[in-house]
Amino acid sequence: PVALSLRQDQHRDELVRELQLVDAGPRAASRDLAGVIERLLGRQAHARHTGRRLALEAGAAGLEKVDIVMPVPAQAARDVRVLQASVLAADALCEASELLTLASTPDVKALRAWMVHEFVRQVEHGDPPLAFRAWRADGEPGVPAPRDEA
């Protein structure tokens, strides 16, 4: 879903900006989280920017959905899992009012979970794509947990 994808991108950007500002402060948890997220986003910057550009183009064309196909290294699946865990941890800080950014909405959380689920299935297992709507209808299967930090 194009609009929801762009909303989750915007929210992640807001989290990163705030964590970068907090990075200068004394809070070790926020500083560590900022470092992990920035490292992972930098490592996968090409894929992230390509996906955002394609979503923006689809939105400008009036499309509600877009399929994004791009080659990525196998390591990207691990990075995506760790990034998801980091964004969820940042969301927990938001929910605890430790950050000014609002926590992700349930639909944004669901989209992120689906994106991670699909990314991992397709990259690590070569599985065919499953549409967001179909994934939601299947009861939102669990997202594989990260095995270790970045």
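Residues numbered from 1 in each chain as written. Predicted model: local features only at pLDDT ≥ 70, side-chain atom pairs only at ≥ 80, totals over all residues. Heavy atoms only, no water.

1. Looking at the confidence of the model for the protein
Move 1: Chain-level statistics for the protein give a pLDDT mean of 84 and a share of 88% at 70 or above.
Move 2: Within the protein, no element has a lower average pLDDT than helix 2 (residues 28-43), which sits at 75, and none a higher one than helix 5 (residues 106-125), at 93.
Move 3: Low confidence marks residues 143-150, where pLDDT is under 50. Its contacts with residues over four positions away, or in another chain, come to 21 contacts. (pLDDT = per-residue confidence, 0-100. Helix = DSSP H or I, 4+ residues; strand = E, 2+ residues; numbered from the N terminus. Contact = heavy atoms within 4.5 Å.)

2. Describing the packing of aromatic side chains
Move 1: The final tally for this structure, using the stated rule, is two aromatic pairs.
Move 2: A centroid spacing of 6.2 Å and a plane angle of 25 degrees characterise the contact between Phe 132 and Trp 135, whose relative ring orientation is stacked. Here Phe 132 and its partner Trp 135 are both found in helix 6 (residues 132-137), three residues apart, which amounts to about one turn of the helix.
Move 3: Aromatic ring contacts, followed pair by pair, group Trp 114, Phe 132 and Trp 135 into a single cluster. (Phe/Tyr/Trp six-rings, centres within 6.5 Å; stacked < 30°, edge-to-face > 60°.)

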